[in-house]
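Coordinates in review
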Amino acid sequence: MSEVLDDGWRFKGEDIVEAVSPAFDDAAWESVTVPHTWNRVGYYLHGQVGTNSPEALNKMQGAGWYRLKFTAPRAAKGSQSWLEFDAASKVAKVWLNGVFLGEHRGGFSRFRLDATQAIKEGKGNVLVVRVDNSKPAAGSPTADVLPLSGDFFVHGGLYRPVRLVTTDSIHIDMADHGGPGVYAKTVSADAAEAVIDLRTRIVNASARRSKLSVRAVLADRQGQVAASSVTPLMLGANALGESTASLKVTAPRLWQGTVDPYLYDLTLEIIDAKGTVRDRLTQKFGIRTMAFDADRGFLLNGAPYKLRGVGYHQDRDGKGWAISRADVEEDVATIREMGANSIRLTHYQHGQDIHEIADREGIVLWDEIPLVSSWTLGGKRDADPALVANARQQLSELIRQNHNHAASAIWSIANEVDFGNSLPAFLTGATDGKQTDPMPLLGELHALARQEDPSRPTALATCCEGRLFASDIAIPTTAVAADLGGANRYFGWYFGQPADLGPHLDALRARRPQQPLAVTEYGAGGSLSIHTDNVLGAPADSRGRAQPEEYESYIHETALPQLDARPWLYATWLWNSFDFATTVRAEGDGQDINTKGLVAYDHKTRKDAYYFYKANWNAEPMVHITGRRYVDRANGVTDIQAYSNLDRTELFLNGRSLGTRENCANRICIWPQVTLDTGKNELRAVGQGVAGKVEDQIVWNLAPEKRNHVAIDVGALVAAKGKGRQLGSDNWFAGGTAASFDKPADYGRPAAPAAIFGSEERDAMATYRRGSFSYAIPVPAGRYALRLWFVGQPGEKPGGIDVLVNGKPALKSFSLRAEIDQPTAIVKTLPVTSDGGVRIEFRAGSGEARVSLIELEPSE
């Protein structure tokens, strides 16, 4: 029997040791319900999505106290009482009626405390819990509790349910690392027969030796018995015993992932000599086999099954970690709508809700402990024994609590512990930037996982093997510590080019051809309110603000074909399903938010990249026009793009057809160089095929003054805010390299703007294109004033650059030398004529050519 303890709690976000006393007056404390966290972290600068705001934030890390007064029900003589916590972050101490019941160190797993001696049946009780999510530091209360670091915020509180559980004196073990006490494993399974091994831990807390029977029944959805067994057990007084059994199921209906996630009911009963059922446990159970092959990928019930998945953090706007089962149901529905069939549960143990829903929906899971990037503090070379013990504890809890879930396929023992001495800035505070060897700890965890559950492989996710680093960077090879390999690789975002991903994976495979390999993270940041006219205009600012929504889509559009071309990958998990909170980032349009999610932090607003995957992974007919949030367009000529999984897709602009695209490659349909109408532009895409007919509509606006006006913020992926006019980002160029005079942002450090004199357009002038390059700008026929904006530098070499317009010399040996000893704006205005476009060529002279701003404005 169990009772959820959710209402009537009092909370105080201070460390008040006197609160342990049952007589303590908590009337002034805040009234809360559990699940609860005091933390609110992360918001969007635009304020258009979500409920978090700067005024409502709470990033406090430290101690918080909870108190609950409740009346315990009367129970049968000899019964046992337990307090069950599904999670308490990060360290919890528990008292009942002033009696200390115990401590749990770890913020993600279920734990139970024996309250039998302290509880007052039929009377009032006072439950007190002190939780502490202090930031780990040498000597802190959480210095030996994982995680020590990570790109996510560790919320504090009783953020999952709390229960009072009453058992018989003879019961299935309640003190087994928070696990069910019953462990079932599919030994073999095919269409003809399945064999399931069972192991049950039974406790006899009475003073008498007991003759027992352990009955196991596997029933189908209709309640018909598919298999059963009865095993005798003689159990001594105050003893723990184990019972094993084997079930044979004839013609089983297998758990087939999302195709057919069939679940049986597995019931274990403990029966005494009088035939009385002393304890009973029923769990859902899916019969399946899983295997991983270096050449064939993931095998479900002996057949290749392509895992296409997402990473998933458990927080959301307005709630932090204190989410409900309904929230998880909504998240899974969103993920399934996209077409994903797998979830990487990162970077810690997630609750039973997501596991039970994944069982039901057929979603294959990667489970992980919070060994993230760091395992020592204060520059120590080796992990403290207490930290090692905590890692072992959390791994045992992860495995035992999720052992029976058909969805759970992999036990991950670490994430990105191979930085070596290349640690990013947000981690160096935890380790002093010094290299430590992760292999002893990884070896111990791998051995423990194999001991706990030989039926599932271990895995870990690496960040750095095979990447190009400076000669003084040493990267440990950690992938060999686990059965399966996993690569977190951000080509085109943090390093390299988008097209480098596939060849890099080939090289990793060549290093260990016998080890199955997956891509465990890939992606880019994407901001709902930040946009670009050309994703190739400049590199994305992976640690700053220039993170347009279109660039995130571009990274995924280039990555997916490379992944699909490598069927030997056992899985791919994009990063990430939803934006999430992290206090190490001030990026894109978020503050304390990692914006790599395909869905915003509100878990409702879908970004364009979400629909790219839906078009590729979900067979349900769909079409989606991209760029719907870039409403006020900077240019009168633009490409228009739609994602469609239908045979034919036709695009209409204000009712007139712009043509039909058929069977678009990678589900990306493009209508290039479309001339927009002045004012309102209603775009409608209609997709048709055997599967059906669907359509999508959006509206753009083109201001009258932008009809024949072009202003290009050269070298910028995201255009600066112009003075008195709208600028577009770098576009219509060929050749050259984008650059900036500003010092880029880094973790915890904003960009440092360079001083540029002689112009109010400092932000636009700061970026530029250099080398030898050209522009072909589409504008209606007519006469224009062409203004070219340069930044002159003191000490510039004499000789200057050459500029040609429409093939004719316009500037010859034009000097970019500043007349004062400071970078200074230089503006040159030229008359030009367009026959539907203007071509501008910049040629190097004594030095590289460069330009910062190009503007075309109709002449009077």
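See the structure printed just above.
Within each chain, residue numbers correspond to sequence positions counted from 1 in written order. Note on the predicted model: pLDDT of at least 70 is required for a residue's local features to be given, and 80 or more for side-chain atom pairs to be given and counted; whole-chain, interface and lining totals, by contrast, use all residues. Processing note: side-chain calculations cover all non-hydrogen atoms of the structure and skip hydrogens and water entirely.

1. A look at the overall build of the protein
Selection rule: We count a stretch as a helix when DSSP gives it H or I for four or more residues in a row; a strand needs E for two or more, and each element gets its number in order from the N terminus. As defined in this context, the radius of gyration uses C-alpha atoms, and a globule is described by 2.2 Å times the residue total to the power 0.38. Burial classification: accessible surface area is computed with a 1.4 Å probe over protein chains only, and a residue below 20% of its type maximum counts as buried, one above 50% as exposed, and the rest as partly exposed. Residue contacts are defined here by distance: any two heavy atoms, one from each residue, within 4.5 Å place the two residues in contact. Per-residue and other accessible areas were derived by the Shrake-Rupley procedure at a 1.4 Å probe size, with only the shown protein chains allowed to occlude residues.
On a plain count of helices and strands, the protein comes out with nine helices and 51 strands. In terms of overall dimensions, the protein is globule-like: its C-alpha atoms have a radius of gyration of 31 Å, near the 29 Å expected for 860 residues. Within the protein, buried positions represent 60% of all 860 residues. Sequence separation of at least 24 residues holds for 73% of the intrachain contacts in the protein that already meet a minimum separation of 6. For the protein, the accessible surface area stands at approximately 32,600 Å², while carbon and sulfur atoms represent 49% of it.

2. Some words on the sheet that holds strand β15 (residues 210-219)
Which entries qualify depends on this criterion: Pairing between strands is defined by DSSP: at least two bridges between them are needed. The angle between two axes is taken between their N-to-C directions and runs from 0 to 180 degrees, where each axis is a line fitted to C-alpha atoms and a helix contributes only its stretch in contact.
Spatially, β16-β15-β18-β19 is the arrangement adopted by the four strands of the open sheet, whose pairing is antiparallel. Only two strands of the sheet have a single neighbouring strand rather than two, namely β16 (225-235) and β19 (277-285). With direction set aside, neighbouring strand axes in the sheet form an average angle of 15°.

3. Considerations on the pairing of β19
In the sheet, strand β18 (residues 264-272) pairs with β19 via eight bridges, with the strands oriented antiparallel. Across the sheet, residue Leu 266 finds its bridge partner in β19, namely Gln 283.

4. Here we look at the sheet that holds strand β11 (residues 162-167)
Spatial strand order, β1-β11-β6-β9: four strands in an open sheet with antiparallel pairing. Here the strands that pair on one side only, and so sit at the sheet edges, are β1 (2-4) and β9 (111-114). Along the sheet, successive strands turn relative to each other by an average axial angle of 25°, direction set aside.

5. Overview of the pattern of salt bridges
Here is the rule we go by: The working definition used for a salt bridge is a side-chain nitrogen of Lys or Arg within 4 Å of a carboxyl oxygen of Asp or Glu.
Throughout the structure, instances matching the rule amount to 66 salt bridges. Salt-bridge contacts for Arg 325 lead to Glu 356; the nearest nitrogen and oxygen are separated by 2.8 Å. Residue Arg 325 is found in helix α1 (residues 325-338), and its partner Glu 356 is found in helix α2 (residues 352-361); the two are separated by 31 residues along the sequence. The class for Glu 356 is partly exposed, based on a relative accessible area of 35%. Of the charged contacts, one joins Glu 841 and Arg 839 as a salt bridge, the two residues approaching to 3.9 Å between their closest N and O atoms. Residue Arg 839 is classed as partly exposed on the basis of its relative accessible area, which comes to 38%. A single network of salt bridges, built from pairs that share partners, joins Asp 173, Asp 176, Arg 199, Arg 201, Glu 242, Arg 400 and Glu 452.

6. Description of unusual backbone geometry
Following Val 34, the chain continues into Pro 35 via a peptide bond in cis, with omega recorded as 15°. Summarising the element assignment, Pro 35 is placed in the loop between β3 (30-32) and β4 (43-44). Cis geometry is found at the peptide bond from Thr 346 to His 347, where omega equals -25°. Here His 347 shows up in the loop between β24 (342-345) and α2. Positioned with a positive phi, His 177 is a non-glycine residue whose angle comes to about 55°. Position of His 177 relative to the elements: it lies in the loop between β12 (170-172) and β13 (182-189). Here the phi dihedral of Asp 592 falls at roughly 60°; this positive angle occurs in a residue that is not glycine. Classification of Asp 592 as buried rests on a relative accessible area of 2%.

7. Quick notes on the state of the cysteines
The condition is simple: The disulfide criterion is simple: two cysteine sulfur atoms within 2.5 Å.
As enumerated under the stated definition, the model contains two disulfides in all. In this model Cys 463 forms its disulfide with Cys 464; the gap between the sulfur atoms is 2.1 Å. Across the S-S bond of Cys 463 and Cys 464 the torsion is about -90°, and the bridge reads as left-handed. The partner cysteine of Cys 664 in its disulfide is Cys 669, sulfur to sulfur 2.0 Å. Looking along the S-S bond of the Cys 664-Cys 669 disulfide, the torsion reads about 105°, which is the right-handed sense. Here the bonded cysteines of the protein are numbered in sequence order, and their pairing is 1-2, 3-4.

8. Section: the packing of aromatic side chains
Under the convention used in this document: Pairing of aromatic rings covers Phe, Tyr and Trp, the last through its six-membered ring, and needs centres within 6.5 Å; plane angles under 30 degrees mean stacked, over 60 mean edge-to-face, and all others mean tilted. Either the NZ atom of lysine or the CZ atom of arginine qualifies as a charge over a ring when it sits within 6 Å of the ring centre and within 35 degrees of the ring normal.
The full count for this structure, using the stated rule, is 35 aromatic pairs. Plain terms: the ring middles of Phe 292 and Tyr 570 are 5.2 Å apart, the flat faces sit at 85° to each other, and that makes the pair edge-to-face. With Phe 292 in strand β20 (residues 290-293) and Tyr 570 in the loop between α7 (549-564) and β30 (571-574), the pair connects residues that are 278 residues apart, well separated along the chain. On the basis of relative accessible area, Phe 292 is assigned to the buried category, the value being 17%. Connected via pairs of aromatic rings, a cluster forms that spans Phe 292, Phe 298, Tyr 305, Trp 366, Tyr 570 and Trp 573. Residue placement shows Arg 633 over the ring face of Tyr 630; its charged tip is 3.8 Å from the ring centre. One Lys or Arg, Arg 633, reaches over the ring of Trp 700 and ends 3.8 Å from the middle of that ring.

9. A look at the packing of α1 against α2
This is how it is decided: Angular relationships are summarised with four words: roughly parallel below 35 degrees, roughly antiparallel beyond 145, roughly perpendicular across 65 to 115, and oblique for the angles in between. For a crossing to be left-handed, the near helix must be turned anticlockwise from the far one by less than a right angle; the clockwise case is right-handed.
Direction vectors running N to C along α1 and α2 enclose 40°, while the axes themselves pass 10 Å from each other. By the angle class used here, α1 and α2 are oblique. The handedness of the crossing between α1 and α2 is right-handed. Residue-level inspection shows Arg 325, Val 328, Glu 329 and Val 332 of α1 in contact with α2, the latter providing Asp 353, Ile 354, Glu 356, Ile 357, Arg 360 and Glu 361.

10. Focus on the side chain of Arg 456
Basically, it comes down to this: In protein, a polar contact requires one atom able to donate a hydrogen and another able to accept it; more generally it is a pair of N or O atoms within 3.5 Å, and residues adjacent in sequence count only if both atoms are side-chain atoms.
With respect to the element layout, Arg 456 can be found in the loop between α5 (439-452) and β27 (458-462). What makes Arg 456 buried here is its relative accessible area of 6%. Side-chain polar atoms of Arg 456 contact the backbone oxygen of His 405, separated by 3.1 Å.

11. Points about α1
We apply this condition: Multiplying 1.5 Å by the helix residue count minus one yields the expected span of that helix.
Helix length check: α1 (14 residues) gives 20 Å between terminal C-alpha atoms against 20 Å at 1.5 Å per residue, within 8%. Looking at the buried residues of α1, the elements they touch are β23 (307-312), β24, α2, β30 and α8 (608-617). Trailing α1 by a residue or two, Gly 339 shows a phi angle of about 105°, which is positive.

12. Examining the packing of helix α3 (residues 385-402) against α5
A pair of packed helices can be characterised by two numbers: the angle between their axes and the separation between those axes. The criterion, for reference: When residues are sorted by character, Ala, Val, Leu, Ile, Met, Phe, Trp, Tyr, Cys and Pro go into the nonpolar class, Asp, Glu, Lys and Arg into the charged class, and all the rest, Gly among them, into the polar class.
The interhelical angle for the contact between α3 and α5, taken along N-to-C directions, is 30°, at an axis separation of 10 Å. If you check the angle between α3 and α5, you find them roughly parallel. Here α3 runs over α5; the crossing is right-handed. Every residue of α5 that contacts α3 at Leu 387, Val 388, Ala 391, Arg 392, Leu 395, Ser 396, Ile 399 and Arg 400 is listed here: Leu 441, Glu 444, Leu 445, Leu 448, Ala 449 and Glu 452. Here the residues of the contact of α3 with α5 sort into nine nonpolar, one polar and four charged.

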